[in-house]
Every structure is written in C-alpha cells, then in structure tokens.
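Take a look at the letters that make up each chain.
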Amino acid sequence: MDQEFAALRTAFVELWDLAQLQFQSLLLPSRLWQIAIIVGMVVAAWTLNAWCRPRMHEWMRGLEGRPKWQLRLLLTVNKRLKLIFFVVLIWLAVWTVRAYTPFPSRSYILALAGSLSLAWLGVVFATRLVRNPALRVVVRWGLWIYVTLYLLGVTEEVGAALDGIAFGFGDFRLSLLTLLKAAVLVSLLMVGARLVATSSAEQIRRNENISPSMRVLMVKVMQILLYGAAFFIALKVVGVDLTGLAVLSGAIGVGLGFGLQKVVSNLVSGVIILLDKSIKPGDVISLGETFGWINTLGARYASITTRDGKEYLIPNEDLITGQVVNWSHSNNFVRLDIYFGTAYGDDPHKVRKIAIEAASEVNRVLTTKPPVCHIVGFGDSSVDYILRFWITDPTQGLTNIRGNVYLALWDAFQEHGISIPFPQREVKVLNDAVSMETRALD
C-alpha cells in the first residue's frame, strides 16, 4: 500500500511540474498575442451567435413538416452556434497566421484551441446517438475530458495517476483507470448494440413470414444477446477477470432468484407465451372482468387495451396459470348469443324468420355464416328464443353489436305487429278470507 501511495504521489508531482512548465510558456510574447486572438474569436463568436440564433430559431418554426431527425439536428446546431462560429473563426485565424509566418510556434496555441474546439463539437454531434439523456451527459463529458487530455499530450501521465488509485482483494486489483475504461467501453458498446438491435428489430417486425409472437421473442432474445455481449466484451477488453465475476454473479443470481420469485416467474411465463403462441399481439382476450386486445407483450407483463381506452398491465404468470378466453386464437370468427321473448299469440315460425332477417341486415353480422334462431323454452309470460350470429371483428366491440341487433329486432317486431310481453300478475281477493279477517277484528 505504501508503494502505491508513493507511485501516486510521484505521478501527481510530475503532472504538477508539467502544468507549471506549460503555464510559464504561455507568458512568452509569441504565446500572449495568440491568447489575445483566441479571446477576440470568442467575443466575435458570441456576437454572431447573439445575432444568428434567434433568426435561425424563427426559420426553424416553418419546418414543422420535416422529418424529426432533421429537426433534432437543426435544434442541436442552433444550440451550438457559438461553438460552431468559434471553430470556423479560430481555424481562419490559424490559416491566416501560417500564411504570414513560417514558424509553427507562432500558431501553436491557435491550432491547439482549434483542435480542441473541433473535437468538442464532434463529440456533441456524436453523442446525439445516445438516446438516454443521463447516459448522454456522462458519455459526452467523458469524451470531452479524454480528447482534451489526448490533444494536450498528458494521457500517459493522467493514466498513471489514475492507475495508482486502486484497491484489491487478494490477487484481484481494481484501479480507477480500469473503472473509467470499463464505463467508456460499456457505454460505447451499448450504444452500438442499441443501433444494431433497433435496425434489426425493424426488419424482423416487417417480416410477414414470421408469426407476431415469434417476432417479439426474436427481438427480445436479440436485445439480451447484444447487450450482454457488449457488457462482457467491454469488461474483457479492459482486463477484468471474468472467472471471479462468474462466481460472484452466480451467487447473486441465486439470491435474486429467491427474493424475486414473482419477477422470475413472470419472465419465464413471458418466454413460454411467446414460444407456444397461445397469445400474440392483436389477439382479443378476456381475463376475468377484463376484455380487450393485446397491445404489446413485454418481458414481465402483457399490455391489454379495452374498448373504453383503459390499458391493463396483466402479469404473464396470470396468463399462464389463469383461465383466458382468446377470442381470436385460431381464427377471427366470434359467435354471439342474445335472448328475447314474444307473446304466446305470435306465430313462432314467423318470429324466427323475422329475427334472422333483421339480424342479417345489421352491419358487421356475417352473411356467410347466417344467423340462426331457436326456441329455448316456454316461460311464464312469453315464448323464449335465442338468436345466434357471427362476427369477425371483436376488437370493434361486442356490446355495441348486440345493441344494434336488439334495435333491429325491435324495429322488425314493431313493423310486423309482434309484441314483446312483460310479466303480469292477477290478485284475487276471496270473500271467505275477508269475512274471517273481519270477524277476527271484531
């Protein structure tokens, strides 16, 4: 440990001496007027930004019909106009100075400022590929620091200082430099994995030869493989021993398996659902009181959207262990039944014919599988019937089609003079009972 602290102290002393030497060189007259030019370019860039930025913003307001990626790019340019102007002006200054003097030292500071500003600007546009805002900030600042140290030529000294800050467990040693390298590589590889996964997922989703459930499964497996490979490749590149990591991850996995049984159960159930194709996106299902169509199948839950706009997140385990009615599992044909009754004085043959004709004229009711009507019983006040018809679009609703068929029956019965009875009761008061009650009161 004492040797590590001594090496760390030596590295910091070397960095401090190098910084002092560079600061003393800045006090030379040839360097001071270069710094003055840089300050002038900063003021000029700030002035141009103040004049151009609001005008560019107004011009962008008229581009609402453009693709989103173009608008995002223009917005990034608008936010970084000051840096863009400075890059252009500082390089113009570098080329002008080099045209008038053959000595490289006369334009060294200017070229260094131009290289730094150009690298920073490139990092800004490159990190736009990172979608997560927090991760984008971390990656951007990490790249800014690295390119700055690289262009200043102090990467080896800073690397030695960071490598001196370390802790170990037995033979395992982990330094701050290793952690930073791992973070940078993991971030870059994750961004690359996301780009590959996104483009590949779009191609898989457009492939009509693959069933919807298999598309979802292929996308999930591909994402897990790509992100997992990016993580482990980054650790391997920076020199982390994966053998110890495997033992540690195994122990952690056992603990998580016991503590997160429901989560693991939902994950496994989601894979089973995708493999057996019992439920797929677009299917119309009912689970208990929930009726709707499957919007998406996630790793932990299925998103079900109902007719009233509510979105239910059903755990995958419930879809495996519970009774689920899949209205469109093997085909889209759905049979609906409605019940009604007519008076005993109406001809049942005529009632059945009129009911079938009325239901056949309703939109969404299939004529290729014609409706049928049967007598199901003789009630207290009516002859009871059942009317069965078929539809192929349950996602459009079931209650509304039943209501339309009931309304068609009402209109048809009114037109043909068929009555729909309601329960009636007769109450008879017996004289003997009244006489007995009167005598009891006397």
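Definitions and limits used
- Residues numbered from 1 in each chain as written.
- Predicted model: local features only at pLDDT ≥ 70, side-chain atom pairs only at ≥ 80, totals over all residues.
- Heavy atoms only, no water.
- Salt bridge = Lys/Arg side-chain N within 4 Å of Asp/Glu carboxyl O.
- Helix = DSSP H or I, 4+ residues; strand = E, 2+ residues; numbered from the N terminus.
- Buried < 20%, exposed > 50% of the residue type's maximum accessible area, 1.4 Å probe, protein only.
- Patch = residues over 30% accessible without salt bridge, like charges linked within 9 Å, V, L, I, M, F, W, Y side chains within 5 Å.
- Areas by Shrake-Rupley, 256 points an atom, 1.4 Å probe, with all protein chains shown as cover.
- Pairing = 2+ DSSP bridges.
- Core = buried A, V, L, I, M, F, W, Y, C linked by side-chain atoms within 4.5 Å.
- Contact = heavy atoms within 4.5 Å.
- Expected span 1.5 Å × (residues − 1).
- Arc of directions from axis to C-beta.
- Axes fitted to C-alpha atoms, helices over the stretch in contact; angles between N-to-C directions.
- Parallel < 35°, antiparallel > 145°, perpendicular 65-115°, else oblique.
- Left-handed = near helix turned anticlockwise from the far one by under 90°.
- Nonpolar A, V, L, I, M, F, W, Y, C, P; charged D, E, K, R; others polar.
- Lys, Arg positive; Asp, Glu negative; His and termini not counted.
- Charge placed at Lys NZ, Arg CZ, Asp CG, Glu CD.
- UniProt positions renumbered as here; feature names shortened; annotations may be inferred.

Explanation requested: the pattern of salt bridges in the structure shown.
According to the stated counting rule, one finds three salt bridges in the structure shown. The salt bridge involving D337 is made with R388; its shortest N-O contact spans 3.5 Å. One end of the pair, D337, is in strand β8 (residues 334-342); the other, R388, is in strand β10 (residues 383-391), and 51 residues separate them in sequence. When its relative accessible area of 27% is taken as the criterion, R388 is described as partly exposed. Of the charged contacts in the structure, one is a salt bridge between D393 and R364, with a shortest N-O distance of 3.1 Å.

I keep staring at a nonpolar patch on the surface and nothing clicks. Help me out?
Taken together, the side chains of V264, V268, I272 and I320 define a hydrophobic patch exposed on the protein surface, amounting to about 280 Å² of accessible area. Counting residues per element, the nonpolar patch draws most heavily on helix α11 (residues 261-276), at three residues. Position of I320 relative to the elements: it lies in helix α12 (residues 316-321).

In this structure, what is going on with the sheet that holds strand β6 (residues 311-315)? I would like to understand it.
Consider a sheet: its strands pair through backbone hydrogen bonds, and that pairing is either parallel or antiparallel. The strand order across the open sheet built from five strands is β6-β5-β4-β3-β7, with neighbouring strands paired in antiparallel fashion. Edge positions in the open sheet fall to β6 and β7 (325-326), since each of these has one partner strand only. Pairing of strand β5 (residues 301-306) with β6, which is carried by five bridges, proceeds in the antiparallel orientation. Counted as the bridge partner of Y301 is P315 from β6.

Which parts of the structure should I look at to understand the pairing of β10?
Regular strands place side chains that alternate from one sheet face to the opposite one. Pairing of β8 with β10 involves nine bridges; the strand directions are antiparallel. By the bridge assignment, V334 is partnered in β10 with I391. Linking strand β9 (residues 372-378) back to β10 in an antiparallel pair, the connection comprises four residues.

Would you mind going over the nonpolar core with me for this structure?
Nonpolar side chains in soluble globular proteins generally cluster together in the buried interior. Among the nonpolar cores identified, the biggest contains 25 residues, and F340, L387, F389, V405 and L409 are the most heavily contacted of them. Those elements giving two or more residues to this core turn out to be β8, α13 (348-360), β10 and α14 (399-416). Per-element tally for this core: the top contributor is α14, with six residues. Ignoring any residue separated from it by four or fewer positions in sequence, one finds F389 in contact with V334, R335, L336, I338, V365, P371, I401 and V405. Among the nonpolar cores identified, the runner-up in size contains 20 residues, and F86, V87, V94 and I109 belong to it.

Honestly, α14 in this entry has me stumped. Any pointers?
Structurally, the α-helix is built with 3.6 residues per turn, so residues lying three or four positions apart point the same way. A rise of 1.5 Å per residue sets the reference length of α14, with its 18 residues, at 26 Å; its end C-alpha atoms lie 26 Å apart and thus fit the reference within 8%. For α14, the complete set of buried residues consists of I401, V405, A408, L409, A412 and F413. Seen from one end, α14 has its buried residues packed into an arc of 130°, which puts them on one side. Residues T399, L407 and Q414 are exposed on α14 and point more than 90 degrees away from its buried face. The first or second residue beyond α14 is G417, which carries a positive phi of 70°.

Help me understand the packing of helix α4 (residues 81-100) against helix α5 (residues 108-126), please; the structure alone is not making it clear to me.
Packed helices, taken two at a time, are described by the angle their axes make and the gap between the axes. The interhelical angle for the contact between α4 and α5, taken along N-to-C directions, is 150°, at an axis separation of 9 Å. By the angle class used here, α4 and α5 are roughly antiparallel. Here the hand of the crossing between α4 and α5 comes out left-handed. Where α4 approaches α5, its residues L83, I84, F86, V87, I90, W91, A93, V94, V97 and R98 are matched on the opposing element by L110, A111, A113, G114, S115, S117, L118, W120, L121 and F125. When its residues are assigned to classes, the contact of α4 with α5 shows 16 nonpolar, three polar and one charged.

What is the right way to read the sheet that holds β8 from this model?
If you trace the three strands from one edge of the open sheet to the other, you get β8-β10-β9, paired in antiparallel fashion. Sheet topology places β8 and β9 at the edges, where each strand pairs with a single neighbour. Going from strand to strand, the sheet's axes swing by 25° on average, the running direction of each strand aside. Docked against the sheet, α14 engages β8 and β10, running at close to 35° with respect to β8.

Could you clarify how one ought to interpret a positive patch on the surface in this entry?
On the surface, R53, K68, R72, K79, K82, R128 and R131 cluster together into a positively charged patch. In terms of residues, the positive patch owes the most to one element, helix α3 (residues 68-79), which gives three residues. Its place among the elements puts R72 in helix α3.

Sorry, what's going on with unusual backbone geometry here?
Note on backbone geometry: most residues besides glycine have negative phi, and most peptide bonds are trans. Of note, the phi angle at R364 is positive, near 80°, even though the residue is not glycine. For R364, the location among the structural elements is in the loop between α13 and β9. Relative accessible area serves as the criterion here: at 24%, R364 is assigned to the partly exposed category.

I'm lost on the UniProt feature "transmembrane region" (unreviewed entry) in the chain in this one. Help?
Taking the UniProt record as the reference, the feature "transmembrane region" (unreviewed entry) is found at residues 32-52, 81-101, 107-130, 137-154, 174-196 and 217-239. With 100% helix and 0% strand, the stretch residues 32-52 has end C-alpha atoms that lie 30 Å from each other. Here residues 81-101 runs as 95% helix and 0% strand, with 30 Å between its end C-alpha atoms.

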